[in-house]
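# Examination of the molecular architecture
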Amino acid sequence: MRDAVIDALRVSDRGLEGLIARMKDAAFVVEVSSGRIRLWNPAAGRLFGYTAAEAHGFPVGNLLGASHEVLVGAIASSMPVDLMAARKDGKGVAVELTLSPLGDNGLALAVLRDATDRQSSEQDRVRALKVLSHELRTPISTVMGFGALVFDGLAGPISDQQRHYLRRLLMAADDLHALVNDLLEIGPLHADRNPLHLQPFKLSEAVEAALDGLAPQAEAKGLTVVNQVPADLMAVRADGKRISQVLRNLLCNAIKFSPDAGTIGLRATLDDGELRCEIEDMGPGVPPEEQGRIFEPFVRLGDGTIPGIGLGLNIAKVLVEAHQGRIGIRSAPGRGSVFWFTLPVDPAETFAASGGNGPATSLG
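The structure contained in this document is the topic of the report that follows. Note that the coordinates shown come from a computational prediction; the quantities given were computed from them, not determined experimentally. (Residues numbered from 1 in each chain as written. Predicted model: local features only at pLDDT ≥ 70, side-chain atom pairs only at ≥ 80, totals over all residues. Heavy atoms only, no water.)

## Regarding the overall build of the protein
Check the secondary structure of the protein and you find 11 helices and 13 strands. Here the protein, with 364 residues, has 40% of them falling under the buried criterion. A separation of at least 24 residues holds for 59% of the contacts in the protein among residues at least 6 apart in sequence. For the protein, the accessible surface area stands at approximately 19300 Å², while carbon and sulfur atoms represent 54% of it. (Helix = DSSP H or I, 4+ residues; strand = E, 2+ residues; numbered from the N terminus. Buried < 20%, exposed > 50% of the residue type's maximum accessible area, 1.4 Å probe, protein only. Contact = heavy atoms within 4.5 Å. Areas by Shrake-Rupley, 256 points an atom, 1.4 Å probe, with all protein chains shown as cover.)

Now the structure itself:
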């Protein structure tokens with residue numbers, strides 16, 4: 001429906017008001033240069049509480065709580081943007097906004113959908129998963145504990161075949177344990193209830209620890225892991241536990257999507273005020289149209305045969321951005337993927353690599 005309306009509006013400005021008035025979704029026409037509303041439909045009036053007369057000339061930024069740059073970016077991408085808008089009565093309302101240019105006349109069509117129900121549903125799902133995760137944690141820990149006891153021969157001798165099966169059981173239990181931890185993390189992380197504990201952090205040591213922990217999973221698929229992270233890479237100020245979690249999540253993703261006997265590469269550089277880490281795999285790759293959403297919670301690509309619930313990349317994104325860093329992907333179908341993240345390097349908060357015993361300068 002929206003595409004048909006846009007096509008009609010591009011042909012002529014006549015009947016503009018009548019066309020958007022018939023739209024079921026809240027919609028208005030905005031003048032891009034000034035960021036002010038030109039036309040306003042009844043559905044928008046019901047959503048925000050403003051009459052058409054009140055809305056005319058009203059700054060869109062005030063209505064949607066977004067800068068002019070954000071709105072221009074939304075027009076350029078034509079992708080939906082989630083915003084917290086303000087009703088006339090002062091109450092906030094979660095909306096999904098799509099902005100589309102109306103030809104070359106300097107106008108754009110804004111279509112909005114009330115996202116309150118969607119957010120409430122998402123919160124209910126997170127709460128339910130958190131309860132379920134707490135219930136699962138104890139039996140999973142029991143399986144891992146007794147499984148390790150039998151694997152180590154403490155319950156009696158076992159055959160090589162039994163040891164092989166037990167190794168696979170422990171690997172599956174470890175994956176399940178990580179999944180449960182992700183479910184328990186997702187709520188507090190998005191609510192910003194987990195403060196960072198910044199300390200001297202050496203990426204090379206965290207990479208070695210992550211690779212050691214995931215060695216059984218990599219070996220089970222016959223993967224070759226090439227670690228090119230320099231051991232003498234300067235330490236930075238970061239929450240070591242959280243960045244180690246980022247590394248594990250990205251490495252788990254690379255292992256899951258890599259073909260048997262494939263290669264995973266890790267490298268890192270320190271340049272232009274950033275520590276940059278890259279993890280490259282030989283997986284199926286990610287289509288360009290999907291790359292913008294793979295860091296969203298509960299998003300899973302592919303045919304569903306790869307285990308997981310789509311939280312690992314989202315958690316990595318939240319943790320990296322909490323450090324004022326960036327995260328992204330370079331990929332093409334059939335050519336593998338490179339997932340990368342950066343951490344800012346403040347010269348006043350950078351630590352000497354030699355010795356690793358303390359800060360090169362005062363932390364303040």
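## Overview of the pattern of salt bridges
Counted by the stated rule, this structure contains 11 salt bridges. As a salt-bridge pair, Arg38 and Glu31 come within 3.8 Å of each other at their nearest N and O atoms. A relative accessible area of 28% places Glu31 in the partly exposed class. As a salt-bridge pair, Arg267 and Glu278 come within 2.9 Å of each other at their nearest N and O atoms. You can see Arg267 sitting in strand β9 (residues 263–271) and its partner Glu278 sitting in strand β10 (residues 274–281), a full 11 residues away along the chain. Where salt bridges share partners, they join Arg267, Arg276, Glu278, Glu280 and Arg330 into one cluster. (Salt bridge = Lys/Arg side-chain N within 4 Å of Asp/Glu carboxyl O.)

## Comments concerning the sheet that holds strand β7 (residues 224–228)
Two orientations exist for strands paired in a sheet by backbone hydrogen bonds: parallel and antiparallel. Read from one edge to the other, the open sheet built from five strands follows the order β7-β9-β10-β12-β11, with strand pairing classed as mixed. Among the strands making up the open sheet, the edge pair consists of β7 and β11 (326–331). Each strand axis lies, on average, 15° off the axis of its neighbour in the sheet, ignoring direction. Relative to β10, β9 runs antiparallel, the two being bridged by seven bridges. Bridge pairing in β10 places Arg267 opposite Glu278. Contacting β7, β9, β10 and β12 (337–344), helix α9 (residues 203–220) runs over the sheet at an angle of about 180° to β7. Sheet contacts for helix α11 (residues 312–322): β11 and β12; angle to β11, the most-contacted strand, approximately 135°. (Pairing = 2+ DSSP bridges. Axes fitted to C-alpha atoms, helices over the stretch in contact; angles between N-to-C directions.)

## A look at the sheet that holds strand β1 (residues 26–31)
The antiparallel open sheet is built from five strands, whose spatial order is β2-β1-β5-β4-β3. Single-partner strands in this sheet number two, and they are β2 (36–40) and β3 (81–86). This sheet shows a mean twist of 40° between the axes of neighbouring strands, independent of strand direction. With seven bridges joining them, strand β4 (residues 92–101) and strand β5 (residues 107–114) adopt antiparallel strand pairing. Across the sheet, Leu99 pairs through a bridge with Ala110, a residue of β5.

## Side note on the nonpolar core
Across soluble globular proteins, nonpolar side chains have a tendency to be buried as a group. Leu203, Leu247 and Phe341 are the most contacted members of the largest nonpolar core, which has 43 residues in total. Of all elements in the fold, only α9, β8 (235–238), α10 (240–257), β9, β10, α11, β11 and β12 reach the threshold of two or more residues within this core. If you tally residues by element for this core, the top one is α10, at eight residues. Look past the residues within four positions of Leu203 in its chain and what remains in contact with it is Val229, Leu233, Leu247, Ala268, Leu275, Cys277 and Phe341. Ile37, Leu63, Leu83 and Val93 belong to the second largest nonpolar core, which has 27 residues in total. (Core = buried A, V, L, I, M, F, W, Y, C linked by side-chain atoms within 4.5 Å.)

## Notes on empty space enclosed by the protein
Scanning the entire structure with this criterion turns up one cavity of 30 Å³ or more. Empty space within the largest cavity amounts to approximately 80 Å³. Of all the elements in the fold, those that place two or more residues in the lining of the largest cavity are β1, α5 (60–64), α6 (68–77) and β4. Counting residues per element, the lining of the largest cavity draws most heavily on α6, at four residues. (1 Å grid on protein atoms, 1.4 Å probe; cavity = no way out; pocket = protein on both sides within 12 Å on 5 of 7 lines; lining within 4 Å. Points joined across faces, edges and corners; volume = space filled by probe spheres on them.)

## Observations concerning a nonpolar patch on the surface
Together, Phe146, Leu149 and Leu154 make up a nonpolar patch on the protein surface, roughly 340 Å² of accessible area in all. When you line up the elements, Leu149 lands in helix α7 (residues 116–151). (Patch = residues over 30% accessible without salt bridge, like charges linked within 9 Å, V, L, I, M, F, W, Y side chains within 5 Å.)

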